[in-house]
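# Examination of the molecular architecture
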Amino acid sequence: MSFLSALRGRENRDVLDILFFLLLTLFFPVLLLGRFSLVEEGEGNFFLNISNDLGRSLNLFLAIPILILFFLLASLLWIRRFPKERHGMRFYVTIFLLLVFVISRFIGIFAFPYGQASFLYSSAHYNKIAQVSYLYPMEDRFVSFLTDVALGSYFAISVNLLPTFGKKWTYFLDFVLFVLIAIALSAVLYSLITEREVYFHNCRILLELEEGPPFSLFSFTPNKNVYAFLLMIGVFASLALFVKKANPASPLLALFFTVNCLIASSRTHFAICGFVLLLFSFFYPLFAFKRHKVYSSIFFSCVLLFVLFLLISYFFLKDNNFAEKMIDNIVDFFLQFSTVHARSLLFQSSMEMITSPFLAILGYGRIPFHNLFQSYMTAIGGEMTITSHNGYGDLEMHYGLVGIILSLAFLVYLIYLSARLLKGLKKEKGVLSLILICAFLIYFAFEPRFFTLDEASTVFLLLSFVFPMMDDEEKDLRTLEGKSEARMYRITKDLKVKGA
């Protein structure tokens, strides 16, 4: 009885709804883990003697109860919050887009060829023709469709209901940003402890105190790109906290994580983080100088000193060994296109798999694409992988043009929110949001991630950027509306006084 009372009570309403939404968020990494199996001898690739196959859907006996619980919680959350958004245009638009997505996934999944289907692909780069086959089990189709419906429903819930969560949601998001920063710090600390020799070897290489190639750092992650991704999220979370409340620790943490991306030998993440820091340091003073003169002056001075250092080093200090080595390292760092070329080949190879209008419009789906792409790359002698290593490419291969269009609609919505923040009380929030959107759009061209992609790291993108930005925009809107109401009240009161 007390539990039912808590569900109905106004005092605990927002807390419980935030808990429900958090559970919905945590379901996705589990649903995308793949097929689990026990390994009789040796350790599995997942945990102890358990292995997971990303080329299959989650086991039916695990997926069904998780999906049932997801839809029950989603329905309960919708019923509890829905009346506040009953007649909004946002509701009708998102429901229409959700229906388009669900129908496209139903057709794409269940109209996919049955039996041992064969596909003929032609590789322009490798100058080879490969015929690969794949059997899409009905069990995988069923779980994949329900997972896609859950994914679409999650975004519909996020857009419509999160603006109704109030101040407790803001506190929760601030807490999440601290957690993301703590994860990044823990990753660096773990690397310093377990990869100490490699860590300081890479530092000496960067300072030209030692010769040889730098080595990759993994920390507690499976590879350097995942480690650097956590560091990049730490950078963005630090800056998000800074624009919420200016403090000296956040910019220093962002710089610390950026430097560690360089030490980890992840050029893409270092370039993205450096790009964000440079642009933010330049634009922040333009929009926040009146309220934060000291921070604005520091940021602008850092940008100016950095530019002057590059110009002086390049034109006047070529004989200075340190300056010359610094400039050479920067040039070599950004002009090593071997990795970029390899990723462009993966993207090109994935696009060669679009052999019919059906596949172009609806895509393969995540699981068939993983299997077919791996078989295709193996047949032509390419890199063994299950992804195009490109967020836009994976969107096309998973969802087709329908998914691309829906994802662009979501991106336009984020840009709209950023533009609204530029008109708000703290314009630097809008500046940071637009900078991060630009950075993400570049980043997605090199990594298999996107805001709407069915990939586990999407949760980090939403919690570190999308949801805080949505909440900031809604909070600014409520504040402006409150000030407008107060102004109208004062005007009305003055008129009554004058009339009296």
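Structural data are supplied above this passage.
For the structure given in this document, a descriptive report is provided here. (Residues numbered from 1 in each chain as written. Predicted model: local features only at pLDDT ≥ 70, side-chain atom pairs only at ≥ 80, totals over all residues. Heavy atoms only, no water.)

For the rest of this paragraph, the subject is the pattern of salt bridges. Side-chain pairs of opposite charge can arise whenever the charged atoms involved come near each other. All chains considered together, the criterion is met by 15 salt bridges. Between Arg-343 and Glu-447 there is a salt bridge, with the nearest N and O atoms lying 3.2 Å from each other. Residue Arg-343 is located in helix α13 (residues 338–351), and its partner Glu-447 is located in the loop between α17 (427–443) and α18 (458–499); the two are separated by 104 residues in the primary sequence. Glu-447 carries the same exposure label as Arg-343, and that label is buried. Each of Asp-14, Asp-17, Arg-80 and Arg-81 takes part in one network of salt bridges that share partners. (Salt bridge = Lys/Arg side-chain N within 4 Å of Asp/Glu carboxyl O. Helix = DSSP H or I, 4+ residues; strand = E, 2+ residues; numbered from the N terminus. Buried < 20%, exposed > 50% of the residue type's maximum accessible area, 1.4 Å probe, protein only.)

Our next topic: the environment of Ala-445. For Ala-445, the location among the structural elements is in the loop between α17 and α18. With residues up to four places along the chain from it excluded, the contact list for Ala-445 reads His-389, Asn-390 and Tyr-392. (Contact = heavy atoms within 4.5 Å.)

Taken together, the side chains of Leu-278, Phe-282, Leu-286, Phe-287, Phe-300, Leu-304, Leu-305, Phe-306, Val-307, Leu-308, Leu-311 and Ile-312 make up a nonpolar region of the molecular surface, amounting to roughly 1100 Å² of accessible area. Only α10 (267–288) and α11 (293–315) provide two or more residues apiece to the nonpolar patch. Per element, the largest residue contribution to the nonpolar patch is eight residues, and it comes from α11. Locating Ile-312 in the fold gives a position in helix α11. (Patch = residues over 30% accessible without salt bridge, like charges linked within 9 Å, V, L, I, M, F, W, Y side chains within 5 Å. Areas by Shrake-Rupley, 256 points an atom, 1.4 Å probe, with all protein chains shown as cover.)

With 131 residues, the main nonpolar core has Tyr-364, Phe-440, Phe-451 and Phe-467 as its most contacted residues. At 15 residues, the largest contribution of residues to this core is made by helix α8 (residues 224–244). Among residues more than four places away in sequence, those in contact with Phe-440 are Met-232, Phe-236, Phe-451, Leu-461 and Phe-465. (Core = buried A, V, L, I, M, F, W, Y, C linked by side-chain atoms within 4.5 Å.)

Quick look at the environment of Ile-386 now. Along the polypeptide, Ile-386 turns up in the loop between α15 (366–380) and α16 (391–422). Here Ile-386 falls in the partly exposed class, since its relative accessible area comes to 23%. Ignoring any residue separated from it by four or fewer positions in sequence, one finds Ile-386 in contact with Leu-54, Phe-369, His-370, Phe-373 and Gln-374.

Of note, Ser-158 is situated in helix α5 (residues 138–161). The exposure class assigned to Ser-158 is buried, which follows from its relative accessible area of 1%. There is a polar contact of 2.8 Å between the side chain of Ser-158 and the backbone oxygen of Tyr-154. Leave out the neighbours within four places in its chain, and Ser-158 touches Phe-21, Pro-163, Phe-467 and Met-470. (Polar contact = N/O pair within 3.5 Å; in protein donor to acceptor, adjacent residues only side chain to side chain.)

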